[in-house]
Amino acid sequence: MSFSSLKRPELLSPAGSLNHMRYAFAYGADAVYAGLPRYSLRVRNNSFNLANLETGIKEARAINKKFFVAVNITAHNSKVKTFVNDIAPIIAFKPDALIMSDPGLIMLVKQHWPDTEIHLSVQMNTVNFAAVKFWQSLGIKRIILSRELSLDEIAEIRDYCPDIELEVFVHGALCIAYSGRCLLSGYFNHRDPNQGACTNACRWGYKVHEAEQANNGDIFQKSKPQLGLGEYSEQLVLLEENQRPGELMPMYEDEHGTYVFNSKDLRAIQHVARLIEIGVDCLKIEGRTKSCYYAARTAQVYQRAIDDAIKQKPFDKSLMDILEGMANRGYTEGFYRRHVHDDYQNYLNGSPERHSQVFVGEVVKREENRLLVEVKNRFQVGDRLTLMSPKVDYPILLNEIYDKSGNHIIVAPGSGHQVWIEAPEAYDPSMGLIIKHLNLEK
């Protein structure tokens, strides 16, 4: 395939706030998606009320970017009854599309606002070309394909469905069940993931206790708890989450110990070129609850991969190293190529992997040769920092820190503080972020 025939895909980034949106756009995203709190799968850490949605849509339009609104819950009756009134002002703001999954809510939008563009959410788990054609017949403009598809399956869907937009996830957290269908949070905390209240119970640590069942059906702990041996067993077990000692929960499968549910994070940057060759219209990054640094860095790195693929350059493996430096739970390429099952799950640990970088500050402004920094995490004199910008990164060894009164200090103590640090002469502070490099040998 020649350079001229390759279609550039849209890079779609998460926006948990207006600040996240601005960083994503500055660092290369073509579009962002944000959730309507009552009707999306991200209720927590979501600052997009009506006023912020209107502002975000207007700002995106002003710079020729796109803004999509996620309305992708599986709605119960109570939410169906209020939906038309609640969504009306959002549609009046003219977002570029609504991301939806519930057929009833889609029907209501089509009835009241037939010209509104709708993208089918990954929550519908679309895994075949017949399903794509079905939704296309109902007027859906874009299908966000299931994360459970391989590259070859995506290519086959494109061959059968050449005239509809296709979107795929390339980075971010994975669910342990079909995307978004996890029941753990509802079972343990009465917080329904499909209603936007996921507590990420799949990522918690659990102790496993051998159990027995009484004649009346009750399950109770044996006197001597033991960990499983890693093989399938019909032995009853009880799970104890680390933050809830003494609350034993029945479980009927015992695999490798503690973090049996904890999926690694998706990283498919190495497949960007193949996805472009297939003709995928949009590459999507997950992470509306992540930091603005995450939104910026992932947009920057994936846009570089898109640039290289369009120019038909060899894949730059250093891009994988940049992503490796960010906090992650171990990476997998998901189902894009078929792996053994163990490669998908992180059975040892629920915490992020030993990353080499920490986001420590946002640049507020520049005055002559110094930067005012809004501190996000602790850093100190002697640290190796990178001053990020949308165009160029500047590595420095930090020699001096001053508080806002001009007093020399050794440590920027953490979130809630502002400090002054030195600035390279050529550094542009617009949308600047500060990264600390960790000494992993300590």
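Further up the page is the structure itself.
Read on for a plain summary of the structure. (Residues numbered from 1 in each chain as written. Predicted model: local features only at pLDDT ≥ 70, side-chain atom pairs only at ≥ 80, totals over all residues. Heavy atoms only, no water.)

A look at the pairing of strand 2 (residues 31-35)
With five of five residues buried, strand 2 is to be regarded as a mostly interior element. Residues of strand 2 alternate between two faces, with Ala 31, Tyr 33 and Gly 35 on one and Val 32 and Ala 34 on the opposite face, all of them buried. In terms of strand pairing, strand 1 (residues 10-14) meets strand 2 through three bridges, oriented parallel. Bridge pairing in strand 2 links Pro 14 to Tyr 33. Crossover strand 1 to strand 2 through helix 1 (residues 18-26) is right-handed. Here strand 2 runs beside strand 3 (residues 66-71); their pairing, made up of five bridges, is parallel. The residue bridging Ala 34 from the neighbouring strand is Val 69, located in strand 3. (Buried < 20%, exposed > 50% of the residue type's maximum accessible area, 1.4 Å probe, protein only. Helix = DSSP H or I, 4+ residues; strand = E, 2+ residues; numbered from the N terminus. Pairing = 2+ DSSP bridges. Right-handed = clockwise from strand over helix to strand, strands pointing away.)

Some remarks on helix 1
Among the residues of helix 1, those classed as buried are Leu 18, His 20, Met 21, Tyr 23, Ala 24 and Phe 25. Backbone nitrogen of Asn 19 and a side-chain oxygen of the N-cap are separated by 3.3 Å at the start of helix 1; the cap is Ser 17. One or two steps after helix 1, the chain reaches Gly 28, where phi turns positive at roughly 130 degrees. (Polar contact = N/O pair within 3.5 Å; in protein donor to acceptor, adjacent residues only side chain to side chain.)

Thoughts on the nonpolar core
One finds Phe 67 and Leu 275 to be the most contacted residues of the largest nonpolar core, which totals 97 residues. The element that contributes the greatest number of residues to this core is helix 9 (residues 292-310), accounting for 12 residues. Residue contacts for Phe 67: discarding those within four places in its chain leaves Met 21, Val 32, Ala 34, Phe 48, Leu 53, Gly 56, Ile 57, Ala 60, Pro 95, Asp 96 and Ala 97. One finds Ile 396, Ile 421, Tyr 427 and Ile 434 within the second-largest nonpolar core, a separate group that totals 17 residues. (Core = buried A, V, L, I, M, F, W, Y, C linked by side-chain atoms within 4.5 Å. Contact = heavy atoms within 4.5 Å.)

Comments concerning empty space enclosed by the protein
Summed over all chains, the structure comprises four cavities of 30 Å³ or more. Here the largest cavity defines a volume of roughly 70 Å³. Around the largest cavity, the lining is made up of 13 residues, and of these Ser 146, Arg 147, Phe 169, Leu 266 and Tyr 336 lie nearest the centre. Looking at the lining of the largest cavity, its residues break down into nine nonpolar, two polar and two charged. As a volume, the second largest cavity reaches approximately 40 Å³. Taken together, His 171, Gly 172, Asp 265, Lys 290, Tyr 294, Met 326, Ala 327, Asn 328 and Tyr 331 make up the full set of residues lining the second largest cavity. Counted by class, the lining of the second largest cavity contains four nonpolar, three polar and two charged residues. (1 Å grid on protein atoms, 1.4 Å probe; cavity = no way out; pocket = protein on both sides within 12 Å on 5 of 7 lines; lining within 4 Å. Points joined across faces, edges and corners; volume = space filled by probe spheres on them. Nonpolar A, V, L, I, M, F, W, Y, C, P; charged D, E, K, R; others polar.)

Quick look at the pattern of salt bridges
Under the defined criterion, the tally for this structure stands at 20 salt bridges. Salt-bridge contacts for Lys 141 lead to Glu 165; the nearest nitrogen and oxygen are separated by 3.6 Å. Here Glu 165 lies in strand 7 (residues 165-172) and Lys 141 lies in the loop between helix 5 (129-137) and strand 6 (142-144), a separation of 24 residues in the sequence. Measuring nitrogen to oxygen at the nearest pair gives 3.1 Å for the salt bridge that ties Asp 152 to Arg 274. Of this pair, Asp 152 sits in helix 6 (residues 151-160) while Arg 274 sits in helix 8 (residues 272-278), and the two are 122 residues apart along the sequence. When its relative accessible area of 53% is taken as the criterion, Asp 152 is described as exposed. For Arg 274, a relative accessible area of 31% translates into the label partly exposed. (Salt bridge = Lys/Arg side-chain N within 4 Å of Asp/Glu carboxyl O.)

Details of unusual backbone geometry
The phi torsion at Asn 64 lies on the positive side, around 60 degrees, for a residue other than glycine. Counting through the fold element by element, Asn 64 comes out in the loop between helix 2 (50-62) and strand 3. Under the relative-accessibility criterion, Asn 64 is labelled exposed at 73%. In this structure, Met 431 is a non-glycine residue whose phi angle is positive, near 55 degrees. Since its relative accessible area comes to 26%, Met 431 is described here as partly exposed.

Comments concerning the packing of helix 1 against helix 9
Axis separation between helix 1 and helix 9 bottoms out at 8 Å; the angle between their running directions is 20 degrees. The angle between helix 1 and helix 9 falls in the class roughly parallel. Where helix 1 crosses over helix 9, the two elements pack in a sense that is right-handed. Along its contact with helix 1, which presents Asn 19, His 20, Tyr 23 and Ala 24, the element helix 9 presents Cys 292, Ala 295, Ala 296 and Ala 299. Its residues assigned to classes, the contact of helix 1 with helix 9 shows six nonpolar, two polar and no charged. (Axes fitted to C-alpha atoms, helices over the stretch in contact; angles between N-to-C directions. Parallel < 35°, antiparallel > 145°, perpendicular 65-115°, else oblique. Left-handed = near helix turned anticlockwise from the far one by under 90°.)

Focus on the environment of Ile 63
Note on placement: Ile 63 falls in the loop between helix 2 and strand 3. Exposure remark for Ile 63: the relative accessible area of 46% places this residue in the partly exposed category. A sequence separation of 33 residues divides Ile 63 from Asp 30, and the C-alpha atoms of the two residues are 10.0 Å apart.

Quick word on the side chain of Ser 121
Tracing the sequence through the fold places Ser 121 in the loop between strand 5 (118-120) and helix 5. We classify Ser 121 as buried; its relative accessible area is 2%. A polar contact is formed between the side chain of Ser 121 and the backbone nitrogen of Gln 123, at a distance of 3.0 Å.

Side note on the environment of Glu 374
Tracing the backbone shows Glu 374 in strand 16 (residues 370-375). Here Glu 374 falls in the partly exposed class, since its relative accessible area comes to 23%. Placed 41 residues apart in sequence, Glu 374 and Ser 415 show a C-alpha to C-alpha distance of 7.6 Å. Once you skip the residues sitting within four places of it in the chain, Glu 374 turns out to touch Val 360, Gly 361, Glu 362, Val 364, His 417 and Gln 418. Of note is the side chain of Glu 374, whose polar atom sits 2.7 Å from the side chain of Gln 418.

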